[in-house]
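Geometric and topological summary
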Amino acid sequence: MNSGPASATTPFDVEAVRAEFPILDQQVNGHPLVYLDNAATSQKPKAVIDAICDYYTGYNSNVHRGAHFLADKATRRFEQARHKAAAFINSPRVEQVIWTRGTTEAINLVANSWAASNLGPGDRVLVPALEHHSNIVPWQMVAQRTGARVHPIAVTGDGEIDLAALEAGLDERVKLIAVGHISNALGTVNPVQTIIALGHNVGAKVLIDGAQAVAHTPVDVQALDCDFYAFSGHKMFGPTGIGVLWGRESLLSAMPPWQGGGEMIETVSFDGTTYQGLPYRFEAGTPDIAGAIGLGAAIDYLNALDRAGAAAHETALLDRAIEQAESFPGVQRIGQAHQVAGVLSFLLEGAHPADVGMLLDQQGIAVRTGHHCAQPLMTQYHIPGTVRASFAFYNTTDEVDRLFEALTKVKHMLLPEVK
Ligand SMILES: *Cc1c(COP(=O)(O)O)cnc(C)c1O
């Protein structure tokens, strides 16, 4: 068990935290696993694994429709998880939390429902050039259908959104700004609060892609004053297959359903069908019940964790990684934003990122290499991709050091002539 919120004097106990994540304790290619691919997906604590297992062994049943004991229990736990998710992001009402498969589906929901019925020829959607493909492609698809246009917002060489360029592009034609809270490719923490206010000044709605942020920082949708907020369970220590679209109630209740089927209807007849209210009108079909319950367990886990201590520990890890990267001959950091979280993206001069990743893997170190679903950004930097080490609170300073020890070996293997 973790010990709950710690007092200011108790140091963050990373070994106790690691003991909650069984997957971390294993050998890979003859070396202890160093898992530095948390931006792709995070590992799950025992509490989450147990919650999923308990559901399938004890009360697996469909929700909202069965008049029997197991169905009641499953429905109760499923809806309790929605309450947990609502509290987690400080939603005014629980009905504003819509279950999706993840961030990607949440954004597609907004594109297919809100955007498809609110955008027209001449309208604009602004998207920063560093966004994840999940926050670019759905807008392109709906733009094609509606005659609207997707305009990239420039990103500086340091990997920050160019706010002056954003402001210059803002006028009443802009109906939506879709922006990530934290970049998965570079770790840039974007000034979303400023961007939301700027968008609202011209009457635009603002959607925040929170896929990376939820693992690193508390999120308060009311303080942000955003219109939509999307995130995935699996990047915040919960299961895959479940995520959340949060929306402003006035927008959600005016939006048409986007998928038809069970759960989302009130009555069905061939003369016409009527739909449920929020949130069910956007949840066609049997949902990922175990996933929602597992995400609820992940939220419980985070609430019981010393989150301030965890954040300070993560900052220390990233600072140490950045310091070592900057003093490592031949390593070039990609993205040097003032505010970064969780991610070190880099290149080893003369080596392809994929080769670096493969040789790190041989030493038990899991990183991601490639374009990180942000091809427009890689194109802007004229690079094929990067090596990305991404951190969670269960990583250790020793693991950061082992990354760079391994990188020294990689360099000797790939570039024996370089000192
Ligand atoms: C992972 C990620 C997504 C996509 O999330 P899915 O869980 O794959 O739907 C979108 N945006 C960002 C910033 C991400 O990191």
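Residues numbered from 1 in each chain as written. Predicted model: local features only at pLDDT ≥ 70, side-chain atom pairs only at ≥ 80, totals over all residues. Heavy atoms only, no water.

1. Some remarks on the environment of alanine 74
- Residue position: alanine 74 is located in helix α3 (residues 69-88).
- The spatial distance from the C-alpha of alanine 74 to the C-alpha of glutamine 222 is 30 Å, given a sequence separation of 148 residues. (Helix = DSSP H or I, 4+ residues; strand = E, 2+ residues; numbered from the N terminus.)

2. Description of the site of the ligand
- Around the ligand lies a shell formed by Thr103, Thr104, His132, Ser134, Asn184, Asp209, Ala211, Gln212, Ser232, His234 and Lys235.
- Between an oxygen atom of the ligand and a main-chain N or O atom of threonine 103, the distance comes to 3.4 Å.
- Within the side chain of glutamine 212, an N or O atom sits 2.6 Å from an oxygen atom of the ligand.
- Bound to the protein, the ligand loses 86% of the 380 Å² it would expose on its own. (Near = heavy atom within 4 Å. Polar contact = N/O pair within 3.5 Å; in protein donor to acceptor, adjacent residues only side chain to side chain. Areas by Shrake-Rupley, 256 points an atom, 1.4 Å probe, with all protein chains shown as cover.)

3. Structural notes on helix α5 (residues 137-146)
- All of the buried residues in α5 are Pro138, Trp139, Val142, Ala143 and Thr146. An end-on view of α5 places all buried positions within 135 degrees of arc, on one side of the element.
- Considering only its buried residues, α5 is in contact with α4 (103-118), β5 (124-128), β6 (149-153), β7 (174-180) and β8 (205-209).
- Of the residues trailing α5, glycine 147 is marked for its positive phi of about 85 degrees. (Buried < 20%, exposed > 50% of the residue type's maximum accessible area, 1.4 Å probe, protein only. Arc of directions from axis to C-beta. Contact = heavy atoms within 4.5 Å.)

4. What to know about the domain arrangement of the chain
- Domain boundaries assigned for the chain yield domain 1 (14-41 + 306-414) and domain 2 (49-303).
- Computed from C-alpha coordinates alone, the two centres of domain 1 and domain 2 are separated by 28 Å.
- The contact between domain 1 and domain 2 buries some 2,700 Å² in all, and 55% of this surface belongs to carbon and sulfur atoms.
- Interface area lost by domain 1 to domain 2 is led by Arg307, Cys373 and Leu377, which between them contribute 23%.
- The tally of links from domain 1 across to domain 2 stands at zero salt bridges. (Domains from an automatic or database assignment. Buried area = accessible area lost by both parts, 1.4 Å probe. Salt bridge = Lys/Arg side-chain N within 4 Å of Asp/Glu carboxyl O.)

5. Some points on the sheet that holds strand β9 (residues 228-232)
- Strand order in the open sheet formed by seven strands is β4-β10-β9-β8-β7-β5-β6, and the pairing between neighbours is mixed. The sheet is open, and its two edges are formed by β4 (97-100) and β6, each paired on a single side. The average angle at which neighbouring strand axes cross in this sheet is 20 degrees, direction not considered.
- Relative to strand β10 (residues 243-247), β9 is paired through five bridges, and the arrangement is antiparallel. Among the inter-strand pairings, tyrosine 229 is bridged to a residue of β10, identified as tryptophan 246.
- Lying over the sheet, α5 contacts β5, β6, β7 and β8, oriented at roughly 145 degrees with respect to β6. (Pairing = 2+ DSSP bridges. Axes fitted to C-alpha atoms, helices over the stretch in contact; angles between N-to-C directions.)

6. A word on α4
- Its 16 residues give α4 an end-to-end C-alpha distance of 21 Å, which sits within 8% of 22 Å, the value for a rise of 1.5 Å per residue.
- Turning to α4, its buried residues number three or more, namely Thr103, Glu105, Ala106, Ile107, Asn108, Leu109, Val110, Ala111, Ser113, Trp114 and Ala115. (Expected span 1.5 Å × (residues − 1).)

7. Considering the pairing of β5
- For β5, the tally of buried residues reaches five of five residues, placing the bulk of the element in the interior.
- In β5, alternate side chains face the same way, and those of Arg124, Leu126 and Pro128 on one face and Val125 and Val127 on the other are all buried.
- By the bridge criterion, five bridges tie β5 to β6 in an arrangement that is parallel. Residue proline 128 lies in a different strand from β6, and its bridge partner there is isoleucine 153.
- In terms of handedness, the path from β5 via α5 over to β6 forms a crossover that is right-handed. (Right-handed = clockwise from strand over helix to strand, strands pointing away.)

8. Remarks on the confidence of the model for the chain
- Overall, the prediction assigns the chain a mean pLDDT of 96, with 98% of residues at 70 or greater.
- The element-level mean pLDDT for the chain is lowest in strand β11 (residues 265-267), coming to 93, with β9 highest at 99. (pLDDT = per-residue confidence, 0-100.)

9. Describing the side chain of serine 390
- Topologically, serine 390 is positioned in strand β17 (residues 386-390).
- Among the residues examined, serine 390 registers a relative accessible area of 1% and is labelled buried.
- Among the polar contacts listed, one links the side chain of serine 390 to the backbone nitrogen of asparagine 38, at a separation of 2.9 Å.
- Contacts of serine 390, omitting those with residues within four sequence positions, involve Tyr35, Leu36, Asp37, Asn38, Ala39, Gly342, Val343 and Asn395.

10. What to know about the pattern of salt bridges
- Going through the model one piece at a time under the given rule, you end up with 15 salt bridges.
- The salt bridge involving arginine 82 is made with glutamate 283; its shortest N-O contact spans 2.7 Å. You can see arginine 82 sitting in helix α3 and its partner glutamate 283 sitting in the loop between β12 (274-275) and α10 (289-304), a full 201 residues away along the chain. A single burial state applies to arginine 82 and to glutamate 283, both of which are buried.

11. Observations regarding the nonpolar core
- Core analysis: the biggest nonpolar cluster contains 82 residues, and Ile177, Tyr229 and Phe393 have the highest contact counts within it.
- Residue contributions to this core reach at least three from each of two domains, namely domain 1 (14-41 + 306-414) and domain 2 (49-303).
- In this view, phenylalanine 393 contacts Phe12, Val14, Val17, Phe21, Phe237, Tyr301, Leu302, Leu305, Ala310, His313 and Glu314; residues no more than four positions away in its chain are not counted.
- Val331, Leu348, Leu359 and Phe404 belong to the second largest nonpolar core, which has 28 residues in total. (Core = buried A, V, L, I, M, F, W, Y, C linked by side-chain atoms within 4.5 Å.)

12. Considerations on the pairing of β9
- Extensive coverage of β9 is indicated by the burial of five of its five residues.
- Side-chain alternation along β9 places Phe228, Ala230 and Ser232 on one buried face and Tyr229 and Phe231 on a second face that is also buried.
- Pairing between β8 and β9: three bridges, direction parallel. Bridge assignment links aspartate 209 to a residue of β9, and that residue is alanine 230.

13. As for the side chain of histidine 132
- As for its placement among the helices and strands, histidine 132 is situated in the loop between β5 and α5.
- The exposure class of histidine 132 is buried, given its relative accessible area of 18%.
- Side-chain polar atoms of histidine 132 contact the backbone nitrogen of serine 134, separated by 2.9 Å.
- Those residues in contact with histidine 132 that lie beyond four places of it in its chain are Asn184, Asp209, His372 and Cys373.

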